[in-house]
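Next come the chains, spelled out residue by residue.
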Amino acid sequence: MNTRCCCTEHCSILARFCRAGHFSGAGTGYDIALTGGSLTISNNITYLMPANLGVVNQPATYFTGTRAISGSLNCYLRTGSTNSAGLMSSLLSTSASDVDPAFRMTIKVGGTGANRVEFDMPAVVLSIPSVNTEQVVATTISFTAQGSTSNQFDVGAANELGIKYYTTNNAE
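Residues numbered from 1 in each chain as written. Predicted model: local features only at pLDDT ≥ 70, side-chain atom pairs only at ≥ 80, totals over all residues. Heavy atoms only, no water.

### With respect to the overall build of the protein chain
Logical step 1: Across its full length, the protein chain carries one helix and twelve strands.
Logical step 2: Of the contacts made within the protein chain by residues no fewer than 6 positions apart, 58% connect residues no fewer than 24 positions apart.
Logical step 3: Accessible surface for the protein chain amounts to roughly 10,200 Å². Of this, 52% is attributable to carbon and sulfur atoms. (Helix = DSSP H or I, 4+ residues; strand = E, 2+ residues; numbered from the N terminus. Contact = heavy atoms within 4.5 Å. Areas by Shrake-Rupley, 256 points an atom, 1.4 Å probe, with all protein chains shown as cover.)

Right under this line is the structure:
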């Protein structure tokens with residue numbers, strides 16, 4: 001028998017979305033137990049290679065593009081004002097007037113236990129989730145992390161992602 005936990009207290013991967021004036025973390029919170037997803041961190045380094053025939057090419061130099069942090073989260077579509085259905089309802093109800101659906105997002109791999117990794121993104125833009133109706137009703141939430149300063153988006157800020165690893169002894 002294959003059973004899955006649908007409560008946020010016992011699951012090993014959790015996501016918390018907070019929406020306020022912008023990214024303070026206060027305001028409406030959504031706690032979602034995740035069933036999967038992806039997190040992509042791309043630094044867009046490009047190497048400049050000379051075009052020499054008959055020799056192994058070594059890069060002459062390199063340059064960096066913009067860093068991009070994006071991904072998607074999979075979860076069950078669960079009813080309730082602070083679950084995935086509440087988040088989806090909030091995004092849909094404000095989609096006509098809100099040009100930047102900004103949230104603070106924390107992904108906890110390992111749940112709320114002593115040994116876990118937390119990915120904290122203080123400013124993410126969420127897409128309206130897609131709904132999958134296969135064996136269970138599930139949803140996929142796509143996101144893009146942004147830099148922020150003083151509760152506003154800031155392209156030059158390098159604070160899109162913070163990673164913390166917790167052990168039974170201390171947080172690092």
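### Comments concerning the environment of threonine 28
Logical step 1: By the secondary structure assignment, threonine 28 is in strand β2 (residues 28-42).
Logical step 2: Judged by its relative accessible area of 42%, threonine 28 is partly exposed.
Logical step 3: Sequence-wise, threonine 28 and leucine 87 are 59 residues apart; in three dimensions their C-alpha atoms are separated by 9.4 Å. (Buried < 20%, exposed > 50% of the residue type's maximum accessible area, 1.4 Å probe, protein only.)

### A look at the pattern of salt bridges
Logical step 1: Tallied over the full model, the rule gives four salt bridges.
Logical step 2: With a closest N to O distance of 2.7 Å, aspartate 31 and arginine 16 form a salt bridge. You can see aspartate 31 sitting in strand β2 and its partner arginine 16 sitting in strand β1 (residues 13-19), a full 15 residues away along the chain.
Logical step 3: Put simply, glutamate 118 and arginine 116 hold a salt bridge, and the shortest N to O gap is 2.9 Å. Taken as a pair, glutamate 118 and arginine 116 share a single burial class, namely buried. (Salt bridge = Lys/Arg side-chain N within 4 Å of Asp/Glu carboxyl O.)

### Description of the nonpolar core
Logical step 1: With 20 residues, the main nonpolar core has Phe17, Leu87, Met121 and Leu126 as its most contacted residues.
Logical step 2: Looking at this core, the elements that each hand over two or more residues are β1, β2, β5 (68-76), α1 (84-93), β6 (102-109), β7 (116-126) and β9 (137-145).
Logical step 3: Residue contributions to this core peak at four residues, all from β7.
Logical step 4: Discounting residues that sit within four places of it in the chain, phenylalanine 17 has contacts with Thr28, Gly29, Tyr30, Ile32, Leu73, Leu87, Phe103, Arg104, Met105, Leu126 and Ile141. (Core = buried A, V, L, I, M, F, W, Y, C linked by side-chain atoms within 4.5 Å.)

### Thoughts on unusual backbone geometry
Logical step 1: The phi dihedral of asparagine 44 falls on the positive side, at around 50 degrees, and the residue is not glycine.
Logical step 2: Using a relative accessible area of 35% as the deciding quantity, one classes asparagine 44 as partly exposed.

### As for a nonpolar patch on the surface
Logical step 1: Taken together, the side chains of Ile45, Tyr47, Met49 and Tyr62 present a nonpolar region at the surface, about 430 Å² in accessible area.
Logical step 2: Relative to the elements of secondary structure, tyrosine 62 occurs in strand β4 (residues 61-64). (Patch = residues over 30% accessible without salt bridge, like charges linked within 9 Å, V, L, I, M, F, W, Y side chains within 5 Å.)

### Re the packing of aromatic side chains
Logical step 1: Inspection of every chain in the model, using the stated rule, returns two aromatic pairs.
Logical step 2: Here the aromatic rings of tyrosine 47 and tyrosine 62 are separated by 6.1 Å at their centres, their planes lie at 55 degrees, and the arrangement is tilted. Taken together, the residues span a long stretch of sequence, with tyrosine 47 in strand β3 (residues 45-48) and tyrosine 62 in strand β4 at a distance of 15 residues.
Logical step 3: Against the face of tyrosine 166 rests arginine 116, its NZ or CZ located 4.2 Å from the ring centre. (Phe/Tyr/Trp six-rings, centres within 6.5 Å; stacked < 30°, edge-to-face > 60°. Lys NZ or Arg CZ within 6 Å of the ring centre and 35° of its normal.)

### Here we look at the side chain of asparagine 83
Logical step 1: Note that asparagine 83 resides in the loop between β5 and α1.
Logical step 2: Classification of asparagine 83 as buried rests on a relative accessible area of 14%.

### Quick notes on the environment of arginine 67
Logical step 1: Along the chain, arginine 67 falls in the loop between β4 and β5.
Logical step 2: The sequence separation of arginine 67 and isoleucine 45 amounts to 22 residues, and the corresponding C-alpha distance is 9.0 Å.
Logical step 3: Every residue in contact with arginine 67, bar those within four places of it in the chain, is listed here: Ser42, Asn43, Ala158 and Glu160.
Logical step 4: Here glutamate 160 takes part through its side chain, which lies 2.9 Å from a polar atom of the side chain of arginine 67. (Polar contact = N/O pair within 3.5 Å; in protein donor to acceptor, adjacent residues only side chain to side chain.)

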